[in-house]
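# Structural description and commentary
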Amino acid sequence: MIKKFFTTLLLLVIGAGLVLAHEFWLQPSRFFANVGDKVTIQVLVGEGFTGERSDGAKDRIVQYKHQSASGMINLVPTLPGDTYGTLPVSLTTAGTHLISFANTPKFLAMRADSFLLYLKEDGLDNVVSARQQQGATSKPSREMYQRCVKTLIQAGDKPDNTFAENTGMPLEIIPAQNPYVQRPGQIATFQVLYDNKPLPKALVRYCNRNGTNPLAQERQRSDGQGRVRFRLRAGNSMVSLVHMVPYVHADTTKPSPADWHSYWGSLTFGCR
C-alpha cells in the first residue's frame, strides 16, 4: 500500500540516515508450479506491493523454513551466501507449500511527527493513546521492529492442509480455507494470531496486483476472534498488518533500549 508518510517524510532512522520501507514480504517467482519445479523466493521490501530485494544478514534469521505434505525443511543451511535476499526452493511434493520467515528485532527511532503518522496509518490507536497518557507525544520513538512473513505456493492441482499450519512465529496470519481451492470473487477468511492467541481490533490490509492492472487494496479491523474477511481478486495477493506492544527488556538492571516492539506480518498467495 502506498503510504504518504513514507513517500513524503522518508522516515529517517535517527543517527543513521536509513529509510524504512513499510511492507516486507516473500515473493516466489510463481505461485502456481508443477511438481518437481524449482521456484525462487525473494524477500522484498517496499510499498504498494512493489518492492526491492532485501539482502539482510543471514545471522539475523530466526526461522526460514519450508513446510509441505512431506514434512519440514530448514532453509537456512541452503542459503547460497551470507544474506537471505534470494533462495531457490525445490517443490518435490505435490500439494500446497508454506514458506515462513522471521528475523531478529532491529532498532528504529523516528521523529515524533513521523512516528505519529506511522501509528495512524497502521491503525495503532492504542499506542497513540499510550504516548499521550505518558506525555511522550512530542518525543522521538524508540522501537524494536521484527518481521514475521509467509507465502503459499501450489505445486500441481491437489491442494492440501499445509496452508493451515501454525509456523510458531509471534505474529501469524492463517487462512481459514486454502486459497488454492477458492476462486476470484469468493470471500476468504483469515485469522490473525499474536503470541498464539487471536488478535482483535487489528487493522489488516488486503492488497492485490494482477498484471498491469492498478493496485487494489482494502482494510478491515479483525473481530473478537482475530478474523478478517476479504473478497479475493485474481492475481498476486497479500494480507498484512503491523502489531505493536510495549517493549519488554530482558535485563531489568539496565536501561531499556526501546519503548515499543512491533511485529510486521504478511501472507502472500496467488488466486486464479
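This section reports on the structure supplied with the text. Here the structure is a predicted model, which is why all the values come from computation and not from measurement.

### Looking at helix α3 (residues 125–133)
Listed as buried for α3 are V127, V128, A130 and R131. Viewed along the axis of α3, the buried residues span an arc of 165 degrees, placing them on a single side of the element. Among the exposed residues of α3, those oriented more than 90 degrees off its buried face are Q132 and Q133. Among the structural elements, α2 (112–121), β10 (141–155), β17 (235–246) and β18 (260–271) are those in contact with the buried residues of α3. Note on α3: the residue one or two positions beyond its end, G135, has a positive phi of about 70 degrees.

### A few points about the state of the cysteines
Taken as a whole and assessed by the stated rule, the structure comprises zero disulfides. Here C207 is not cross-linked by a disulfide; its sulfur's nearest cysteine counterpart is in C271, at 15 Å.

### Some points on the pairing of strand β1 (residues 23–28)
Along β1, six of the six residues are buried, which leaves the element largely enclosed by surrounding structure. Alternating positions in β1 separate into two faces, E23, W25 and Q27 on one and F24, L26 and P28 on the other, with burial throughout. For β1 and strand β3 (residues 38–47), the ladder comprises six bridges, and the chain directions are antiparallel. What sits directly across from W25, in β3, is L44.

### A word on the packing of α2 against α3
α3 packs onto α2 with a crossing angle of 145 degrees between their chain directions and a minimal axis gap of 8 Å. Where α2 approaches α3, its residues A112, F115, L116 and L119 are matched on the opposing element by V127, V128 and R131. Split into classes, the residues belonging to the contact of α2 with α3 amount to six nonpolar, no polar and one charged.

### Section: the packing of aromatic side chains
This structure, assessed with the given rule, holds eleven aromatic pairs. Ring pairing ties together the aromatic residues F24, Y64, Y84 and F101, which thus form one cluster. The ring of W264 is capped by R147, whose NZ or CZ atom sits 5.4 Å from the centre of that ring. Here the basic side chain of R272 rests over the ring of F32, its NZ or CZ set 3.8 Å away from the ring centre.

### Some words on the nonpolar core
Note that soluble globular proteins tend to have their nonpolar side chains buried in a common cluster. If you look at the biggest cluster of nonpolar residues, it comprises 27 residues, and the most contacted ones within it are L152, L171, F190, V204, V239, L241 and F269. Those elements giving two or more residues to this core turn out to be β8 (95–103), β10, β11 (171–175), β12 (187–194), β14 (203–209), β16 (227–231), β17 and β18. Examining the composition of this core, we find that four residues originate from one element, β18, more than from any other. The next biggest cluster of nonpolar side chains, apart from the first, holds 19 residues, and it includes F24, L26, V39 and Y84.

### Things to note about the environment of D223
The residue D223 is located in the loop between β15 (216–221) and β16 in this model. Its relative accessible area of 23% is what places D223 among the partly exposed residues. Sequence separation of D223 and A202 is 21 residues, and the distance between their C-alpha atoms is 8.2 Å. Excluding residues that lie within four positions of it along the chain, D223 makes contacts with L199, P200, K201 and R229. At 2.9 Å, the side chain of D223 forms a polar contact with the backbone nitrogen of R227.

What counts and what doesn't
Residues numbered from 1 in each chain as written. Predicted model: local features only at pLDDT ≥ 70, side-chain atom pairs only at ≥ 80, totals over all residues. Heavy atoms only, no water. Buried < 20%, exposed > 50% of the residue type's maximum accessible area, 1.4 Å probe, protein only. Helix = DSSP H or I, 4+ residues; strand = E, 2+ residues; numbered from the N terminus. Arc of directions from axis to C-beta. Contact = heavy atoms within 4.5 Å. Disulfide = S-S within 2.5 Å. Pairing = 2+ DSSP bridges. Axes fitted to C-alpha atoms, helices over the stretch in contact; angles between N-to-C directions. Nonpolar A, V, L, I, M, F, W, Y, C, P; charged D, E, K, R; others polar. Phe/Tyr/Trp six-rings, centres within 6.5 Å; stacked < 30°, edge-to-face > 60°. Lys NZ or Arg CZ within 6 Å of the ring centre and 35° of its normal. Core = buried A, V, L, I, M, F, W, Y, C linked by side-chain atoms within 4.5 Å. Polar contact = N/O pair within 3.5 Å; in protein donor to acceptor, adjacent residues only side chain to side chain.

None of the figures reported here should be taken as evidence of function without further support.
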